[in-house]
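Coordinates in review
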Amino acid sequence: MKQSGWRLPDILAILNGVPHGVALLDRDARLLGMNHALEALTGYPAAQVEGLAADAVLCSHLSHKNPLYRQAMEGGGPVAAEGDLIGASRKKIPVRLTVSALGNGAAADGGLVMVVEDLSLFRALEKERSGGLEAKGIIGHSPQLRKVLDFVPVLAHTDATVLITGETGTGKDLLAEAIHHASGRAAYPFVKVNCGALPENLLESELFGHARGAFTGAHADKPGMFRLAQGGTLFLTEIGDLPLPLQVKLLTVLDDRAFYPLGSSKRVQVDVRVVTGTHRNLKELVAQGRFRQDLYFRLNVLTVHLPPLREREGDAAFLADHFLQQFASGLRKTITGFSAKAMARLAAYAYPGNVRELRNIVEYAVSVCRGSEITPENLPEYVAKAPPASRPAAGQPPAAPVPAAGVEPSMEGPAGEANWQGAEKRLIMETLLRCKGNRGEAARALGWGRSTLWRKMKQHGIG
Amino acid sequence: MPLLGEQIAPRFDLAVEVLIAEGEAGGAVAGEPRIVLLPAASADALCALILKEGIGMVVCGAIEENHFQYLSWKKIRVTDRVIGPWRPALERALAGRLQPGEILREKPRGGSS
């Protein structure tokens, strides 16, 4: 500092314009001065703490346990670490400390400069972004679900392969993502691959990548999802649909943490945690010879089963209210809730499509509801007219919904999504017919904007 | 008084050494202060020790609000954010002259801390 001709007060005057806490330390890590931001963080006036050990003033977890100053002094380059300090308001403040040596040589001959960044805002944003399990969309209070959710921290604190089983629409994807975000790999990617969505060759390329020229059309190298998930989590959904030849390759990757991309002789090492999901009974598939037993044993390290909605006591009503708030607010409608009869219908329904189906039913109901309460008339016919007896006992697979009278069978498939798509299309067409093709009037009748109606008509191929 | 060597520990929750002293009516130290070693740094364990020992006053560095409030609620006087060597801090505390946030310097100034 002396060599450059700058005086300490001048430097501190400059540092006062820096939005982070900055301190200048001597070779013994004693404070020579600090800027206003650091005064505010620590609560000590700079003039009073001059000459004191930085550790004592900073009250930081890092300076207390980590000899950052020594590392910076010996290494010469900047040394950074994240931790916390207790500020003047007795609050623990998350901070990042960066200590750099001043001077030209490897060893600092001119002291140290320490930058203290307050990470409170980042932490709050991260928390908001990652959220709790509810923010991830896993909602429910039933003991059956809580049992699963209580297991999430255990699943997150290990790198073992997890197998998530459960019927369609139970939230396997959400649970996999929640496990990833609760784990130490949260800062790295979460990559999802549907093993049932692609033919074998494409799936192999999708998972493991390929080298240029590996096959016709392979114009460039492709990294593959395993490499894209490096450091993070790869969620292989519908693992039961994985073709047998790829099962062997997956088993090898799980064992060796390495693989050869298609058409490449270069071995690729990966550090990826694998989480798998399926709605199929893998044990049965093994018995049928459609799933390798060794892979089943490899995947079945930690298994978690998501209960179907019909087995989750009270969650259907809770979720219906949740989705009602969500859609009513999205469509700017003031719907206060469900009528007792509508709620009774919802409670009696079997939900073969589980939470996904319930969500679609509520979206439909909110869309067609013109009053302040959802009535049975606002529910899709297959729900409103479904006899309570269609609700299967816990543990039993649900029966396909009984098509209601007057409803075209093509609109009423067993899956919730198919029902919804068909029902929505029918609703639009009926409204348009009623409004004699006047789209503005139809949009008003449906409680949608003209653009929403136009988008949905286009989506359903109407007009 | 949580310690780090000869100094008051900068952090209550990170201290593993605790000095326990008894004061006399005139503000002098009664007998020899003793040092208790904790198996691990823990603010909760330290609070439990303070209660178990029947301590009436705590002199420490930075302490989190919840622990400060807890000790205050237990009628323990906490003088926090004190920086410096423990001996002068103890003397001033027993004399009723130690203030929160007080910075005590070594004598002679510039010695090792």
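Our subject is the structure that appears above.
The structure reproduced in this document is the subject of the present report. The structure displayed is predicted, hence computed values, not measured ones. (Residues numbered from 1 in each chain as written. Chains lettered and ligands numbered in written order. Predicted model: local features only at pLDDT ≥ 70, side-chain atom pairs only at ≥ 80, totals over all residues.)

So, the overall build of chain B
The criterion, for reference: Each helix corresponds to a stretch of at least 4 residues labelled H or I by DSSP, and each strand to a stretch of at least 2 residues labelled E; elements are numbered beginning at the N terminus. Working definition of burial: number of other C-beta atoms within 10 Å of the residue's own, with buried at 20 or more, exposed at 12 or fewer, and partly exposed in between, all C-beta atoms being placed from the backbone. Contact between two residues is assigned whenever their backbone-derived C-beta positions fall within 7 Å.
In terms of helices and strands, chain B carries 3 helices and 6 strands. Reading the secondary structure of chain B in the N-to-C direction produces β-β-β-β-α-β-α-β-α. Across the 113 residues that make up chain B, the buried fraction comes to 29%. Long-range pairs, those at least 24 residues apart, make up 41% of the contacts in chain B between residues at least 6 apart in sequence.

A closer look at the interface of chain A and chain B
Frequently, the measure chosen for interface size is the accessible area that the parts lose on association. Which entries qualify depends on this criterion: Under the scheme applied here, ten amino acids are nonpolar (Ala, Val, Leu, Ile, Met, Phe, Trp, Tyr, Cys and Pro), four are charged (Asp, Glu, Lys and Arg), and all others, including Gly, are polar.
Counting residues at the interface gives 15 residues for chain A and 14 residues for chain B. Taken together, the elements giving at least two residues each to the side of chain A that touches chain B come down to helix 3 (46-49), helix 4 (54-58) and helix 5 (61-65) of chain A. If one sorts the elements of the side of chain A that touches chain B by residue count, helix 4 of chain A sits on top with 3 residues. Grouping the constituent residues of the side of chain A that touches chain B by class yields 7 nonpolar, 4 polar and 4 charged.

As for the sheet that holds strand 6 (residues 162-165) of chain A
Hydrogen bonding along the main chain pairs the strands of a sheet, whether they run parallel or antiparallel. Residue and element names in this part refer to chain A. The cut-off we apply is this: DSSP bridges decide pairing: two strands pair if at least two such bridges lie between them. Note on method: axes are straight lines fitted to C-alpha atoms, helices fitted across the in-contact stretch only, with angles between N-to-C directions ranging 0 to 180 degrees.
Taken in spatial order, the 5 strands line up as 7-8-11-6-12 in an open sheet, and their pairing is parallel. This sheet does not close on itself; its edge strands, each paired only once, are strand 7 (190-194) and strand 12 (302-305). For this sheet, the mean inter-axis angle between neighbouring strands, taken without regard to orientation, is 20°. Relative to strand 11 (residues 273-278), strand 8 (residues 233-237) runs parallel, the two being bridged by 5 bridges. Within strand 11, the position partnered with leucine 236 by the bridge is threonine 276.

Points about the nonpolar core
Generally speaking, a soluble globular protein has its nonpolar side chains buried in company with each other. Rules: Each nonpolar core consists of buried Ala, Val, Leu, Ile, Met, Phe, Trp, Tyr and Cys residues. Their C-beta atoms, within 7 Å, join them into a set.
One finds Ala23(A), Leu25(A), Ala54(A), Leu112(A), Met114(A), Ile8(B) and Cys60(B) to be the most contacted residues of the largest nonpolar core, which totals 59 residues. Leaving out residues up to four positions away in the same chain, Leu25(A) has contacts with Arg30(A), Leu31(A), Leu32(A), Ala54(A), Tyr69(A), Gly111(A), Leu112(A) and Met114(A).

Re the packing of helix 16 (residues 315-330) of chain A against helix 18 (residues 354-368) of chain A
Angle between the axes and distance between the axes: these two values describe a pair of packed helices. Residues and elements named next belong to chain A. Just so we agree on the cut-off: By definition in this entry, angles of less than 35 degrees are roughly parallel, angles greater than 145 are roughly antiparallel, angles of 65 to 115 are roughly perpendicular, and the rest are oblique. Put simply, a crossing is left-handed when the front helix is turned counterclockwise from the back one by less than a right angle, and right-handed when it is turned clockwise.
Running from N to C, helix 16 and helix 18 cross one another at 45°; their axes reach a closest spacing of 9 Å. Viewed along their axes, helix 16 and helix 18 adopt a mutual orientation that is oblique. As for how helix 16 packs across helix 18, the hand of that crossing is right-handed. The segment helix 16 lies against helix 18, with Ala316, Leu319, Ala320, Phe323, Leu324, Phe327 and Ala328 engaging Val355, Leu358, Arg359, Val362, Glu363 and Val366. Looking at the contact of helix 16 with helix 18 residue by residue, the class counts come to 11 nonpolar, no polar and 2 charged.

Some words on helix 18 of chain A
What sets the pattern is the α-helix's 3.6 residues per turn: residues three or four places apart point alike. Residue and element names in this part refer to chain A. Heads up, the condition is: Helix span, expected: 1.5 Å multiplied by one less than the number of residues in the helix.
The terminal C-alpha atoms of helix 18 lie 22 Å apart, and with 15 residues this matches the ideal 21 Å at 1.5 Å per residue to within 8%. Counting buried residues along helix 18, 11 of its 15 residues qualify, which places the element largely inside the surrounding structure. Of the positions making up helix 18, those classed as buried are Asn354, Val355, Glu357, Leu358, Arg359, Asn360, Ile361, Val362, Tyr364, Ala365 and Val366.

Some words on the sheet that holds strand 4 (residues 29-37) of chain B
Residues and elements named next belong to chain B. A sheet is described by the order of its strands in space; here 4 strands give the open sequence 2-1-3-4, paired in antiparallel fashion. Of all strands in the sheet, those bounded by a partner on one side alone are strand 2 (7-8) and strand 4. Direction of pairing for strand 1 (residues 2-4) relative to strand 2: antiparallel, over a ladder of 2 bridges. If you follow leucine 3 over to strand 2, its bridge partner there is isoleucine 8.

What to know about unusual backbone geometry
Backbone geometry places Arg332(A), a non-glycine residue, at a positive phi of 50°. Along the chain, Arg332(A) turns up in the loop between helix 16 and strand 13 (337-338). By C-beta crowding, Arg332(A) is classed as exposed, having 8 other C-beta atoms within 10 Å. The backbone phi angle of Lys75(B) is positive, close to 65°, even though this residue is not glycine. Along the chain, the position of Lys75(B) falls in the loop between helix 2 (65-73) and strand 6 (77-79).

Here we look at the pairing of strand 4 (residues 92-101) of chain A
All names here are of chain A. The alternating pattern of strand 4 places Ile93, Val95, Leu97, Val99 and Ala101 on a buried face and Lys92, Pro94, Arg96, Thr98 and Ser100 on a face that is not buried. Two successive antiparallel strands, strand 3 (residues 79-86) and strand 4, enclose a turn made up of 5 residues, where arginine 90 displays a positive phi of approximately 65°. Taken together, the 7 bridges between strand 4 and strand 5 (residues 112-118) define a ladder with antiparallel strand orientation. Bridge pairing links serine 100 to valine 113 in strand 5.

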